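Geometric and topological summary
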Amino acid sequence: MSIGNQPRPRSSGERAARAIAGALPRRVDGPLVGAVAALIAIGTVLLAAATYTPGDPAEQLHYVERHLLYAAVGALCCAGLTALDHRTVRAYAPIVFAVCSIGLVLVLTPLGAVINGTRSWLVIGGLQLQPVEPAKLGLVMMVAVLLGEPRDGEHAPTSRDVLFSLAVLAVPTVLVMLQPDLGSLLVIGASYLGMLALSGAPLRWIAGLAACGAGALVAVWSLGLLKAYQLARLTSFVDPSSDPLGRGYNANQAMIAVGSGGFTGTGLFQGEQTSGRFVPEQHTDFIFTVAGEELGFLGSTLIIALIGVVLWRILRIASLCAQPYARLLCTGVASWFAFQSFINIGMTIGITPITGIPLPFVSYGGTATIANLAAVGMVLGIGARDRGRS
């Protein structure tokens, strides 16, 4: 046999990829995978348009290449978690939650960096990490354990289970408040309430927590506990035209960009608001303004429809789960994605205050992209193995 016919030795990376592919279950939710992939693809195109610099292709490709790298790492995490039995992943929930909490603590040390008014980033060399993003997943996992595994003889969480889950919720809540990151705090609270509401917990707890949340918001406002920039965001939401060049600038420019796209949009790389960089953070928090201007109503509707498909498939998997833990984890992920998407899109069209949170799967952001795809991997793993009925 000639030397040329000898098989080429496989690298460790190729062997790992083949092992993951071989371990993937056959029954994977295709519509969910397709919708997530489509959102990432659209986000990459919008990112290229948002960061396009004529005559400087290196600057343009910098963000696109990094975004694709983050998406590839996230896809590997997604595939790996899909291949694992969710009961195995569940055993590591306390460890994941503890590690994520440590990350939130480190943000408050000299390792943390203040960006856009919040100390929510870890800067290690040239690497920037936002621990609150994986902390959302860690919280969902831990709460699903506490509320989704009733004791012998019980069919729903007891008051004791709810109290334990509230103690867990308090950890990221306090640490995120110290940053302070109001947007992420709202997402964390919404995810928890969504899980609690569908866990079968006593209704008095749900009503009581909702009342406490409303009371806390009133107290924060009346006692003047908000930072100056946070207060400016809220007041500009009430009346953006009161200070169009100051505190209302972001909201006004976002609405101008979305409105200028009309029904079909100006075309990719043709938006005057986008190319002129009139909208701050248009590649991250305000990526939807690029869609509104350059893809118009049709393109924006497509993004919202794809997010709807993601939520529908996750909730469908949840409805088919035989185990309460698996059902609650899917519910938590759906609540997380739904609320964050609503707030992000809402702030670009003037129906919610500006809070500075990314649009899942579409905005540029490494930690967020990887955490989102990891959450999808857990849901896919559950959907492939834990079905009580078809």
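Okay, so let's go over this structure. (Residues numbered from 1 in each chain as written. Predicted model: local features only at pLDDT ≥ 70, side-chain atom pairs only at ≥ 80, totals over all residues. Heavy atoms only, no water.)

1. A few points about the sheet that holds strand β1 (residues 112-115)
With antiparallel pairing, three strands are arranged side by side in an open sheet as β1-β2-β3. Looking at the sheet topology across the chains shown, the edges are occupied by β1 and β3 (127-129). Mean inter-strand twist for the sheet, computed between neighbouring axes without regard to direction, equals 45°. Bridge analysis of strand β2 (residues 118-124) against β3 gives three bridges, and the strand direction is antiparallel. Looking at the pairing, L122 lines up with L129 of β3. Sitting on the sheet, helix α5 (residues 93-107) is in contact with β1 and β2, with an inclination near 100° to β2. (Pairing = 2+ DSSP bridges. Helix = DSSP H or I, 4+ residues; strand = E, 2+ residues; numbered from the N terminus. Axes fitted to C-alpha atoms, helices over the stretch in contact; angles between N-to-C directions. Contact = heavy atoms within 4.5 Å.)

2. Section: the packing of aromatic side chains
Considering all chains together, one arrives at five aromatic pairs under this definition. With a centroid separation of 6.1 Å and an interplanar angle of 55°, the aromatic rings of Y70 and Y364 are classed as tilted. Taken as a pair, Y70 in helix α3 (residues 57-83) and Y364 in the loop between α15 (324-348) and α16 (366-385) lie far apart in primary sequence, 294 residues in all. Like Y70, the residue Y364 is buried in the burial classification. Taking the centre distance of 5.2 Å and the plane angle of 75° together, the rings of F337 and F361 count as edge-to-face. One end of the pair, F337, is in helix α15; the other, F361, is in the loop between α15 and α16, with 24 residues separating them in the sequence. Each member of the pair F337 and F361 is classed as buried. (Phe/Tyr/Trp six-rings, centres within 6.5 Å; stacked < 30°, edge-to-face > 60°. Buried < 20%, exposed > 50% of the residue type's maximum accessible area, 1.4 Å probe, protein only.)

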